[in-house]
Amino acid sequence: DNVIAKMEKNEDTMLPDVIATQKMLIDGLEKGLPGYKGLNAQYSEVKNASEALKWGQDIMLQGRAAESPEEVATAFNAMSKREQAAAKSGFTADLLRMIEEGAGAPDAPRNAAAFMRGSGPAKARAILKGEAEPYLRKIATLSQGYRNRSFMRPGSGSNTYASQAEGEEMFLQHPPTK
């Protein structure tokens, strides 16, 4: 306990020593083990791609709670090509699941509608660039099925569904630009 308390108390003053020791160990490994530097670089590349895959999944799963479309675009554009490919895979995995399950999955149409109402389309365009539109059209179609059930009540005379569908179609045909 006493050692941990001392470390916590001296954390700011110890950090440079820890970093220097880590650098010294890595330098020693690079000099003493042929090929270590290359293997370490390969590991870092794979690790970064794995983190990008998780990032893409999180952006899709977190919906509105996730980063803004502008933050998503900035983070995505800063990635290497390999990381971008991994992020796209992570992001599209749930999009594809939603599309493939379609109206047969209880939550898919509702999730599709929430995706289309939120910042989902802008995030999809930030990550998928020109590949986004086919996904967005399929998800819009799926979300229309949800709106049919939710808003269009027989005999109610409500135009809510028709207005939303029309607005969404216009959004897909003419996405916002900066």
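Scroll up to find the structure this text is about.
Residues numbered from 1 in each chain as written. Predicted model: local features only at pLDDT ≥ 70, side-chain atom pairs only at ≥ 80, totals over all residues. Heavy atoms only, no water.

A.B. asks: Help me out: how do you make sense of the overall build of the chain in this one?
C.D. replies: Tallying secondary structure elements over the chain gives nine helices and zero strands in all. Helices (α) and strands (β) of the chain occur, in sequence order from the N terminus, as α-α-α-α-α-α-α-α-α. When burial is assessed residue by residue, the chain has 29% of its 178 residues classed as buried. Considering only contacts in the chain between residues 6 or more positions apart, those separated by 24 or more positions represent 67%. When the accessible surface of the chain is split by element, carbon and sulfur atoms take 57% of a total near 11,700 Å². (Helix = DSSP H or I, 4+ residues; strand = E, 2+ residues; numbered from the N terminus. Buried < 20%, exposed > 50% of the residue type's maximum accessible area, 1.4 Å probe, protein only. Contact = heavy atoms within 4.5 Å. Areas by Shrake-Rupley, 256 points an atom, 1.4 Å probe, with all protein chains shown as cover.)

A.B. asks: Would you mind going over the nonpolar core with me for this structure?
C.D. replies: Nonpolar side chains tend to gather and get buried jointly when the protein is soluble and globular. Counting residues in each nonpolar core, the largest one holds 27 residues, and the members touching the most others are Trp55, Phe91, Leu95, Phe115, Ile127 and Leu128. Those elements giving two or more residues to this core turn out to be helix 3 (36-62), helix 4 (69-77), helix 5 (81-101), helix 6 (108-117), helix 7 (120-128) and helix 8 (132-151). Sort the elements by how many residues they give to this core and helix 8 lands first, with six residues. Non-local contacts of Ile127, meaning those with residues more than four positions away in its chain, are made with Trp55, Ile59, Val72, Phe76, Ala87, Lys88 and Phe91. (Core = buried A, V, L, I, M, F, W, Y, C linked by side-chain atoms within 4.5 Å.)

A.B. asks: For this particular structure, what's the right way to read helix 6?
C.D. replies: An α-helical turn contains 3.6 residues, so a residue and the one three or four places further along point in the same direction. Of all the positions in helix 6, only Ala108, Pro109, Ala112, Ala113, Phe115 and Met116 are classed as buried. In an axial view of helix 6, the angular spread of the buried residues amounts to 160 degrees, which keeps them on one side of the axis. (Arc of directions from axis to C-beta.)

A.B. asks: Teacher, can you tell me more about the pattern of salt bridges here?
C.D. replies: Enumeration according to the criterion identifies six salt bridges in this entry. With its nearest N and O atoms 3.3 Å apart, the salt bridge here joins Lys23 to Asp27. Of this pair, Lys23 and Asp27 both sit in helix 2 (residues 11-32), four residues apart, roughly one helical turn. A salt bridge links Arg125 to Glu133, with the nearest nitrogen and oxygen atoms 2.8 Å apart. Note on accessibility: Arg125 and Glu133 belong to one class, buried. (Salt bridge = Lys/Arg side-chain N within 4 Å of Asp/Glu carboxyl O.)

A.B. asks: Mind showing me how you'd approach the packing of helix 4 against helix 7 here?
C.D. replies: The packing of two helices is summarised by the inter-axis angle and the distance between the axes. In contact at an axis separation of 9 Å, helix 4 and helix 7 are set at 10 degrees when each is read in the N-to-C sense. Relative to helix 7, helix 4 is oriented roughly parallel. Contact residues: helix 4 offers Pro69, Val72, Ala73 and Phe76, while helix 7 offers Ala122, Lys123, Ala126 and Ile127. Broken down by class, the residue content of the contact of helix 4 with helix 7 amounts to seven nonpolar, no polar and one charged. (Axes fitted to C-alpha atoms, helices over the stretch in contact; angles between N-to-C directions. Parallel < 35°, antiparallel > 145°, perpendicular 65-115°, else oblique. Nonpolar A, V, L, I, M, F, W, Y, C, P; charged D, E, K, R; others polar.)

A.B. asks: Help me out: how do you make sense of helix 4 in this one?
C.D. replies: Among all positions in helix 4, only Pro69, Val72 and Phe76 are buried. All buried residues of helix 4 project into a common sector of 60 degrees when viewed along the axis, lining one side. Contacts made by the buried residues of helix 4 are with helix 3, helix 5 and helix 7.

A.B. asks: What's the story with the environment of Lys123 in this structure? I'm lost.
C.D. replies: You can see Lys123 is positioned in helix 7. As for Lys123 and Val72, which are separated by 51 residues in sequence, their C-alpha atoms are 6.5 Å apart.

A.B. asks: Any chance you could explain the packing of helix 5 against helix 6 here in plain terms?
C.D. replies: With their axes 10 Å apart at the nearest point, helix 5 and helix 6 run at an angle of 130 degrees to one another. Classified by the interaxial angle, the pair formed by helix 5 and helix 6 is oblique. On helix 6, the residues touching Phe91, Leu95 and Met98 of helix 5 are Ala108, Asn111, Ala112 and Phe115. Grouping the constituent residues of the contact of helix 5 with helix 6 by class yields six nonpolar, one polar and no charged.

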